[in-house]
Amino acid sequence: MVGAMEIYMLLPKTNCKKCGLPTCMAFAVGLLGREKKIDECTPLIEEKKYEAKLKKLREVMAPLENASETGLIIHPEKCFGCGNCVVACPVNVAAEPTRCAVGLGPKSDKVILAVEDGIVKCMNAKECRRFGPNKILCNACTATCPSKAIEFV
Amino acid sequence: MTTCTGCSLLCEDIELALKTGAITQAKNLCRKGQGHFQALFTERTRPMIDGQEVSLDQAIGKAAEILKSAKLPLLYGWSNSTLEAQAVGIDLAKKLGATIDDTSSFCQGILMERVLTGKIPTCTLDDVRNYADTSVFWGADPSNSHPRHLSRFAYYPRGEKRQKSYEEERTCIAVDVRKSATARLCSNYYFRLAPGQDAEFIEAILAVLEGKIPKFGDKKRMIELGTILRKTEYGVIFPGLGMVYSLQEKMDLLETLVVKLNEITTFKVIPMVGHYNMRGFNQLLLDLTGFINRVSFKDGKASHGPENSVIAAAKRCDAALVIGSDPLCALPFATARALAKVPLIAIDPRRSLTTDAAKVVIPSAMYGLEAGGTAVRMDGVKIAFEPAIKSDLLSDEQVLTRIMEAI
């Protein structure tokens, strides 16, 4: 997973403030939090000398584009389909106390995580405890993953 | 609801969406099960004799002929068949006076015998979910071999007495030669051994439980492990192949450890069986003959011994029937080579190294998807399942019955 520092190294580092933020570091954090877009850094787009950096930046940011609203990223190639996250997720357990809570797969569509075709899928991301104004940094799904197939931005 | 026959957990909560000739969606199926089910549509076997495609009747006739004329036939495999097929198989062995052995002979047999005869206490996986607070994965990596083991039973689900589950009430311990995917989930409680050190490790645990200083490994960590085991209310050890291969004739040590642990608290053992119905075959043969595997029915009575194991019998037999297994791929090279030289009859839904080398290939329906039956889960619970897809193929049981009729 890419970090703010790594993104910062690929920015112009001139603190020109054209993006509306005081420093390039702030812009890097904004990019990571998906509040800012790469295109908002005009020097990086317009000036030729940053071409290589821009290309690299787009590369490292590509996986983040697939993240859900909560910043959840699933790497399907790593997933075992074990369902640890499905059973551990507190929202899933609350939605299906007779199934997810006791280790069975969910039946309804109210859950956040479910295994389909051998790979975990994310649905109803807005129900996630990481979403909304009262969000908390729950990590039940990432901590229980044996193959690091789930990550948060 | 469909039952997955991909591993010995026999998950019963699989929901399939079917369209003619394909599975369009499979809910709750793990990656291993997904591979197992999708395999239905590739590389299916056709009835063959000497590599030439023939009709099913001809293949069955030829198989019966080979078995009938053989003096020392070997019937091997069985772990990926239902109880019904296995029962017919044992009858066939009796009728032929053949040697019958299953994959446990070169797998968990040595441990399974102790579990089935009651020398080592065992429990069901539902007990594990409801009561267990300590699970020890020893020489096993369920995240890869039985992907849903931790999520359905051992660690993550909330059970009757374990409502706080993995967050507070359960401890998972991994003992392995490498930091496997399961060991990663056990965080602090991973104990690394060099290959073959399991016996020393058990002796060290025994020493710690008796209050002595262990001579093996990090003393502090061993004492910490001893404390966890002592404080356990209901513990379960899941020995995998890693432990079984390492201990072999020293299996008594595990028995001693379990006895010792049971003096302090409750500890059970569930072997991590690989194939979905290996335990079923062991139980069935034990009920019928008193032995779990390696049985010969020569001269009309059942005899047991290492000379009847697949390793020895493969070199001695003059014909072999392989069902529900791929011995040419799984067994040691010398055994596989010996087996490939005799006239081989392979009954399998899919192409494998064994069917490629076989003289006679008989296709069968895939259990769980195309045929129903009963199988025994790794913890000894019988699970009956219905087919999900209609198929014209004969099941293992029907194929064996027809061979038996033809003999």
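Just so it is clear, the structure is predicted and the values come from calculations on it, not from any experiment.

## A closer look at the domain arrangement of chain A
As far as domains go, chain A holds domain 1 (4–65) and domain 2 (72–152). Here the C-alpha centre of domain 2 of chain A lies 31 Å away from the C-alpha centre of domain 1 of chain A.

## Some details on helix α3 (residues 83–96) of chain B
Residue and element names in this part refer to chain B. Along its 14 residues, α3 runs 20 Å from first to last C-alpha, staying within 8% of the 20 Å computed at 1.5 Å per residue. Residues of α3 that are buried: Leu83, Ala85, Gln86, Val88, Gly89, Ile90, Leu92, Ala93 and Leu96. Once α3 ends, the next one or two residues include Gly97, with phi positive near 65°.

## Brief notes about the sheet that holds strand β5 (residues 73–77) of chain B
Working definition: the strands of a sheet are paired by backbone hydrogen bonds and lie parallel or antiparallel to each other. Residues and elements named next belong to chain B. Here 9 strands make up an open sheet; going across it, the order is β4-β3-β16-β15-β14-β5-β6-β12-β13 and the pairing mixed. Two strands bound the open sheet, and with one partner strand each, they are β4 (52–53) and β13 (303–304). Sheet topology places β5 next to strand β14 (residues 319–323); 5 bridges connect them, and they run parallel. Counted as the bridge partner of Leu74 is Ala320 from β14. In the packing of helix α2 (residues 56–69) onto the sheet, contacts are made with β3 (48–49), β5, β14, β15 (344–347) and β16 (360–362), and the angle to β16 comes to roughly 125°.

## Remarks on the state of the cysteines
Residues and elements named next belong to chain A. Following the criterion strictly, the structure yields 0 disulfides over all chains and no others. Free cysteine: Cys128, not disulfide-bonded; nearest cysteine sulfur from Cys138 at 6.4 Å. Classification of Cys128 by relative accessible area gives buried; the value is 14%.

## So, the pattern of salt bridges
Residue and element names in this part refer to chain B. Within the structure shown, the criterion is met by 22 salt bridges over all chains. Between Arg377 and Asp126 there is a salt bridge; the shortest N-O distance is 3.1 Å. Within this pair, whereas Arg377 is found in the loop between β17 (373–376) and β18 (382–385), its partner Asp126 is found in helix α5 (residues 125–131), the two being separated by 251 residues in sequence. Residue Glu263 pairs with Lys260 through a salt bridge whose shortest N-O separation is 3.7 Å. Of the two residues, Glu263 and Lys260 both sit in helix α13 (residues 252–264), 3 residues apart, roughly one turn of that helix. Judged by relative accessible area, Glu263 falls into the exposed class, the value being 58%.

## Section: the packing of α2 of chain B against helix α19 (residues 396–406) of chain B
Residues and elements named next belong to chain B. Across the interface, α2 lies against α19 with an axial gap of 9 Å and an inter-helix angle of 60°. The angle between α2 and α19 falls in the class oblique. Crossing handedness for the pair α2 and α19: right-handed. Listed contacts from α19 to Leu56, Asp57, Ile60, Ala63, Ala64 and Leu67 of α2 are Arg402, Ile403 and Ala406. Across the contact of α2 with α19, the residue classes break down as 7 nonpolar, no polar and 2 charged.

The rules we used
Residues numbered from 1 in each chain as written. Chains lettered and ligands numbered in written order. Predicted model: local features only at pLDDT ≥ 70, side-chain atom pairs only at ≥ 80, totals over all residues. Heavy atoms only, no water. Domains from an automatic or database assignment. Helix = DSSP H or I, 4+ residues; strand = E, 2+ residues; numbered from the N terminus. Expected span 1.5 Å × (residues − 1). Buried < 20%, exposed > 50% of the residue type's maximum accessible area, 1.4 Å probe, protein only. Pairing = 2+ DSSP bridges. Contact = heavy atoms within 4.5 Å. Axes fitted to C-alpha atoms, helices over the stretch in contact; angles between N-to-C directions. Disulfide = S-S within 2.5 Å. Salt bridge = Lys/Arg side-chain N within 4 Å of Asp/Glu carboxyl O. Parallel < 35°, antiparallel > 145°, perpendicular 65-115°, else oblique. Left-handed = near helix turned anticlockwise from the far one by under 90°. Nonpolar A, V, L, I, M, F, W, Y, C, P; charged D, E, K, R; others polar.

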